[in-house]
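A look at the structure
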There are 2 protein chains.
Amino acid sequence: MSISQSFATSISISSSSSAFFVPTNFSSRVQTVQFPAKPIGLCKCVAMPQEQETVFKTKVSRNANMGKLQAGYLFPEIARRRNAHLLKYPDAKVISLGIGDTTEPIPEVITSAMAKRSHALSTREGYSGYGAEQGEKPLRAAIASTFYSDFGIEDDDIFVSDGAKCDISRLQVVFGSNVTMAVQDPSYPAYVDSSVIMGQTGEFQKDVEKYGKIEYMRCTPENGFFPDLSTVSRTDIIFFCSPNNPTGSAATREQLTQLVEFAKNNGSIIVYDTAYALYMSDDNPRSIFEIPGAKEVAIETSSFSKYAGFTGVRLGWTVVPKQLLFSDGFPVAKDFNRIVCTCFNGASNIAQAGALACLSPEGLKAMYEVIGFYKENTDIIVETFNSLGFKVYGGKNAPYVWVHFPGQSSWDVFSEILEKTHVVTTPGSGFGPGGEGFIRVSAFGHRENVLEACRRFKQLYK
Amino acid sequence: MSISQSFATSISISSSSSAFFVPTNFSSRVQTVQFPAKPIGLCKCVAMPQEQETVFKTKVSRNANMGKLQAGYLFPEIARRRNAHLLKYPDAKVISLGIGDTTEPIPEVITSAMAKRSHALSTREGYSGYGAEQGEKPLRAAIASTFYSDFGIEDDDIFVSDGAKCDISRLQVVFGSNVTMAVQDPSYPAYVDSSVIMGQTGEFQKDVEKYGKIEYMRCTPENGFFPDLSTVSRTDIIFFCSPNNPTGSAATREQLTQLVEFAKNNGSIIVYDTAYALYMSDDNPRSIFEIPGAKEVAIETSSFSKYAGFTGVRLGWTVVPKQLLFSDGFPVAKDFNRIVCTCFNGASNIAQAGALACLSPEGLKAMYEVIGFYKENTDIIVETFNSLGFKVYGGKNAPYVWVHFPGQSSWDVFSEILEKTHVVTTPGSGFGPGGEGFIRVSAFGHRENVLEACRRFKQLYK
């Protein structure tokens, strides 16, 4: 192989909106190879260069579960629409309050620790190769003591990872294809999509916009965004996110006690997503493990993405208590550990150094300042929609504002807002049929962009 | 939640042997909850405190595929044995030529780029949140132009990841449970284990030390470590690693042409692992895409781990050419892209900055120097075992030396070497039944450790 010396010469630092520059031409380029080969027979009578379009296909069948998935994953689809909008209005100042991407710089106390660790890797004393797949011991200990010290969670219950989304899929691999699952409706799409991929579901049913075999737990303003568990069928797995993405609502201690009891009665496993716990203003539990007995029925997954702006740095964790057992008594943690060791190799050691710095006193203080900034954004957005007469939910305990447009299609509202204000939001129905008629507005943005977006909302809806 | 202010105060930099400090008490701790509850009835006649040992079990069945896996993943098992050895000989100077963990510092041109990117994340201009799941465009372009410029691979065929091992599992998720697979025997255990986890295999057959439904392609000194394809059954997927881990052998252009032809005739997909390609001394292909027609039948996965010491930093890539199609004409890349978007969120942006620096002229030069250092280690090890009269394979094109102990059990040899020389190696049978009677000696180590290990080998086998 010739190692070509031609390469991109500059280290390009992505802008905060780089998430939108996913290769949007992907579907079109791959579709070019999908055209059926030209019917060569018809051309035989004309002198033509050798037809090159006969496409070789392997004899490997496509995984039927992949075929069940609808369209693209939600956020790349929104990116696609944003890019299409930019083509149409090349001069528009588009503001993204869509995918929930952090925009504010990471506090220096944290990035300095990462830079220091980077430099140390060039020294013989500071170099480290493979780390423990489960994470570095000091970080596991710091996560346990910072977030779980009062709840009986031990250091070795903590599995450090490259993010909660990645851990959700690893958990699905642990569970396999024979489990049943429930999700809040609406919910973060990774739960449902990873379930489809693993073969836990039936086909997508277009009439109800649901996959077969998934229990959709409706969360609406009427039930305070907490499902009526008396109407929910038993499933093996219950995905539950609080504070919730997208509705922004947070479950109370009483509600979570109900949920744990429900899981216990059914012998279910709760996968509890607390990626937004530190945004909580109300005095609700910040961990499912605050609820007595939860260690026997729950896993918790979380992340530094929305606390420290680690959406690109990639660092999360999952708690699998040793008390959580499959029906045959086998510990779930032992199988999760096997997956982590076999399908993963640990989070980047540099990102782990950053996470450890996040949990120092200075790091925690700095992290709370960033969270406080985004919470101010949330207030601005909530106030704006309130002043315009909309019913607004969420916001108080989460960086998401859930705005009601009763009777309207979410995608229509999304498109109208984009077309008329150049602001990207997220259509509620992208989170499940229960999100229809809502728009999620993310509070992640520079202050002036949030203010400008709100000015435009006021213009549109005055 | 009380954010406890007690936390680990110092950022502990792991030693290069940190990989061995995986929680080796894991199995023992989780097994404590497996004891059956005491038969309470027998105690009723005595006044006793309330029995607390009744263990709550969920009603979720353990994934049967997980139950098929034998013991732990190979390398944590070796770590366990090493730790047991350390307990027995606390003063022994144990040398690890076992798991293939890099030991030499990362060149400064690379770590400086990572430190710079870290610092930039604290500035408004340099901050970036979610990146493209497929990797940053300049890095995808640099990988394509550095490694694949002559072979028709395009930037958007490259998927940047947190490592080849992680991508292997993601590929298995794409393929699903209904494919059949072949592996070289012996081979890197992640191929077989991830196949078992996905449910592609039958049970483990203890008599032959093989999983049902996997095609083991025997690679021995007799066939020059290249399988006799005329005796290999058709499978959907063929995992193939060259230069090979563990045998250190590299396939020639003629052999790879045969392999591609074999895949084409069978309509199979080759997953080609080139994590050691830059260690090649002979003039063999460094990419499967050097072989004409390979783009229609092959995926290639690789990594900076063994080139730049990125085992802890985590950065790899996988090439899925748009020409590779399932039997229904659907592009494999499109499904892989969906998995990358749904189950992964991109490699750490800091690690990506490091990878881009690896591919600068200075970075490439520095990387080759590190590789050259390990290749000198390899020569020392090969020479040692040669001088002792062993049949030695590998080494020339890979950082692994494959030493033959005909008629002996690999684990016995492993244990004897560890017991008598305090050197950790890897037993060949850990890579499959075809590795029985061999020991893999890794060339990753500080020079003085490699020299010392070789002195001890000479003492043991003189």
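Predicted model only: the values in this text are computed from it and were never measured. Per chain, the residues get numbers from 1 upward, laid out in the order the sequence is written. Chain letters start at A and ligand numbers start at 1, both assigned in the order the entries are written. Reporting in this predicted model follows two pLDDT cut-offs: at least 70 for local features of residues, and 80 or more for side-chain atom pairs to be given and counted; totals over whole chains, interfaces and linings ignore these cut-offs and use all residues. The basis for the side-chain values is all heavy atoms of the structure; hydrogens and waters are excluded.

**A look at the packing of helix α5 (residues 137–148) of chain A against helix α11 (residues 349–358) of chain A**
Residues and elements named next belong to chain A.
- Angles shown run from 0 to 180 degrees and are taken between the N-to-C directions of axes, each axis being a line fitted to C-alpha atoms and, for helices, limited to the stretch in contact. Labels follow the DSSP assignment, with helices taken as runs of H or I lasting at least four residues and strands as runs of E lasting at least two, numbered in each case from the N terminus. Two elements in contact, α5 and α11, have axes whose closest approach is 10 Å; the angle formed by their N-to-C orientations is 35°. The handedness of the crossing between α5 and α11 is left-handed. Residues Pro138, Leu139 and Ala142 of α5 pack against Gln352, Ala355 and Leu356 of α11.
- Tallied by class, the residues present in the contact of α5 with α11 amount to five nonpolar, one polar and no charged. Each crossing is labelled by how the near helix is turned from the far one, with a counterclockwise turn of less than a right angle marking it left-handed and a clockwise turn marking it right-handed. In this analysis, two residues are considered to be in contact whenever any of their non-hydrogen atoms come within 4.5 Å of each other. Polar here means any residue outside two lists: the nonpolar Ala, Val, Leu, Ile, Met, Phe, Trp, Tyr, Cys and Pro, and the charged Asp, Glu, Lys and Arg; Gly therefore counts as polar.

**Let's talk about the sheet that holds strand β6 (residues 214–218) of chain B**
Residue and element names in this part refer to chain B.
- Spatially, β2-β10-β9-β8-β7-β3-β6 is the arrangement adopted by the seven strands of the open sheet, whose pairing is mixed. Both edges of this open sheet fall to β2 (158–161) and β6, since each of them pairs with a single strand only. The mean inter-strand angle of the sheet, taken between neighbouring strand axes irrespective of direction, is 20°.
- Only strands that DSSP links by at least two bridges are regarded as paired with each other. Looking at chain direction, β2 and strand β10 (residues 316–319) are connected through four bridges and run antiparallel. Each bridged residue has a counterpart across the sheet, and for Ser161 the counterpart in β10 is Gly316.
- Together, β3 (181–185), β6, β7 (237–241) and β8 (269–273) form the strand contacts of helix α7 (residues 189–197), whose direction differs from that of β3 by roughly 150°.

**Here we look at the environment of Asp185(A)**
Residue and element names in this part refer to chain A.
- Locating Asp185 in the fold gives a position in strand β3 (residues 181–185).
- Residue Asp185 is classed as buried on the basis of its relative accessible area, which comes to 1%.
- The spatial distance from the C-alpha of Asp185 to the C-alpha of Arg80 is 24 Å, given a sequence separation of 105 residues.
- Here a polar contact means two N or O atoms within 3.5 Å. Within protein one must be a hydrogen donor candidate and the other an acceptor candidate, and residues neighboring in sequence count only if both atoms are side-chain atoms. A polar atom in the side chain of Asp185 sits 2.8 Å from the backbone nitrogen of Gly434. A simple rule labels every residue: compare its accessible area, found with a 1.4 Å probe on the protein chains alone, to the largest value its type can have, and call it buried under 20%, exposed over 50%, or partly exposed in between.

**Quick notes on a negative patch on the surface**
Residues and elements named next belong to chain A.
- Exposure above 30% relative accessible area and the lack of any salt bridge qualify a residue for a patch; like charges then connect within 9 Å, and the nonpolar side chains Val, Leu, Ile, Met, Phe, Trp and Tyr within 5 Å. We get accessible surface area from the Shrake-Rupley algorithm with a probe of 1.4 Å; when it comes to residues, only the shown protein chains can shield them. A pair is scored as a salt bridge if a Lys or Arg side-chain nitrogen falls within 4 Å of a carboxyl oxygen belonging to Asp or Glu. His residues and chain termini do not enter the charge count, which takes Lys and Arg as positive and Asp and Glu as negative. Just so you know, the charge point we use is NZ for Lys, CZ for Arg, CG for Asp and CD for Glu. Together, Asp207, Glu209, Asp412 and Glu436 line one region of the surface with negative charge.
- For Asp412, the position within the fold is in helix α13 (residues 410–421).
- Look at Asp412 and you get exposed, because its relative accessible area is 53%.

**Regarding the UniProt feature "domain: Aminotransferase class I/classII large" (unreviewed entry) in chain A**
- UniProt positions are given in the numbering used here, feature names are shortened, and annotations may be inferred rather than shown by experiment. In the numbering adopted here, UniProt assigns the feature "domain: Aminotransferase class I/classII large" (unreviewed entry) to residues 93–457 of chain A.
- Annotation note: span residues 93–457 of chain A, helix share 37%, strand share 16%, distance between end C-alpha atoms 14 Å.

**Remarks on the interface of chain A and chain B**
- Opposite the 158 residues of chain A that make contact, chain B presents 159 residues.
- Roughly 12,900 Å² is buried in total at the junction of chain A and chain B, and carbon and sulfur atoms are behind 60% of that figure.
- Counting across the chain A and chain B interface gives six salt bridges.
- A salt bridge links Asp335(B) to Arg62(A); the nearest nitrogen and oxygen atoms lie 2.7 Å apart.
- Linking chain A to chain B there are 50 residue pairs in polar contact (both at pLDDT 80 or more).
- In terms of residues, the side of chain A that touches chain B owes the most to one element, helix α4 (residues 108–120) of chain A, which gives ten residues.
- In terms of residue class, the side of chain A that touches chain B is made up of 68 nonpolar, 56 polar and 34 charged. Note on definitions: buried area is the accessible-area loss of two parts on being combined, 1.4 Å probe, summed for both.

**Some remarks on the relation of the copies chain A and chain B**
- The copies are overlaid by a least-squares fit using only the C-alpha atoms of residues whose pLDDT is at least 70 in both copies. Superposing chain A onto chain B takes a rotation of 180° combined with a translation of 0.0 Å along the rotation axis, leaving an RMSD of 0.0 Å. In the structure described here, the two chain copies are related by an operation that fits a two-fold rotation axis. Across chain A, the smallest distance between a C-alpha and the rotation axis is recorded for Ala115(A), namely 2.0 Å.
- Both copies contact each other with a shared surface, as 99% of the interface residues of chain A are interface residues in chain B too.

**Examining the pairing of strand β15 (residues 438–442) of chain A**
Residue and element names in this part refer to chain A.
- Most of β15 is tucked away, with five of its five residues classed as buried.
- Both faces of β15 are covered, namely the face carrying Phe438, Arg440 and Ser442 and the face carrying Ile439 and Val441.
- Two elements, strand β12 (residues 400–404) and β15, share five bridges in a ladder whose sense is antiparallel. Bridge pairing in β15 links His404 to Phe438.
- When strand β14 (residues 426–427) meets β15, the two strands line up antiparallel, connected through two bridges. Looking at β15, one finds that Thr426 is bridged to Arg440.

**Thoughts on the side chain of Gln200(A)**
All names here are of chain A.
- Among the structural elements, Gln200 can be located in the loop between α7 (189–197) and β4 (204–205).
- Engagement of the side chain of Gln200 in a polar contact is seen with the side chain of Ser195, the distance being 2.7 Å.
- Residues within four places of Gln200 in sequence aside, it is in contact with Gln172, Phe175, Gly176, Ser177, Val179, Met181, Ser195 and Lys213.

**Notes on the domain arrangement of chain A**
Residue and element names in this part refer to chain A.
- Here the domain parsing of chain A yields domain 1 (67–104 + 364–461) and domain 2 (108–359).
- Segmentation into domains, and thus their bounds, comes from an automatic or database assignment. Look at where the C-alpha atoms of domain 1 and domain 2 centre, and you get two points 24 Å apart.
- With 35 residues of domain 1 in contact, the opposing surface of domain 2 contributes 49 residues.
- For the pair domain 1 and domain 2, the two sides together bury roughly 3,500 Å², of which 62% comes from carbon and sulfur.
- By the criterion of area lost to domain 2, the three top residues of domain 1 are Lys68, Met367 and Asn397, representing 21% of everything that side buries.

**Here's the deal with unusual backbone geometry**
- The linkage connecting Asp185(A) with the following residue, Pro186(A), adopts the cis geometry, with an omega of 10°.
- Relative to the elements of secondary structure, Pro186(A) occurs in the loop between β3 and α7.
- Between Ser242(B) and Pro243(B) the backbone carries a cis peptide bond, its omega angle lying at -5°.
- Examined against the element boundaries, Pro243(B) turns out to sit in the loop between β7 and α8 (253–266).
- Even without being a glycine, Glu209(B) presents a positive backbone phi close to 60°.
- Position of Glu209(B) relative to the elements: it lies in the loop between β4 (204–205) and β5 (210–211).
- Judged by its relative accessible area of 44%, Glu209(B) is partly exposed.

**What about the environment of Ser145(A)?**
- Within the secondary structure, Ser145(A) sits in helix α5.
- When the C-alpha atoms of Ser145(A) and Leu359(A) are compared, they prove to be 9.6 Å apart, with 214 residues separating the residues in sequence.

**Notes on the confidence of the model for chain A**
Residues and elements named next belong to chain A.
- Along the chain, pLDDT gives the predictor's confidence residue by residue, from 0 to 100. Residues with a pLDDT of 70 or more make up 88% of chain A, whose mean pLDDT is 90.
- Predicted confidence is poor over residues 1–49, with pLDDT under 50, and the contacts of this stretch with residues over four places away or in other chains come to 102 contacts.
- This complex was scored by the predictor with a pTM of 0.90 and an ipTM of 0.89.

**Thoughts on the side chain of Asn397(A)**
All names here are of chain A.
- Position of Asn397 among the secondary structure elements: in the loop between β11 (392–394) and β12.
- In this structure Asn397 comes out as buried when scored by relative accessible area, which is 6%.
- Every residue in contact with Asn397, bar those within four places of it in the chain, is listed here: Pro243, Gly248, Ala250, Tyr276, Tyr279, Met280, Ser281, Asp282 and Asn284.

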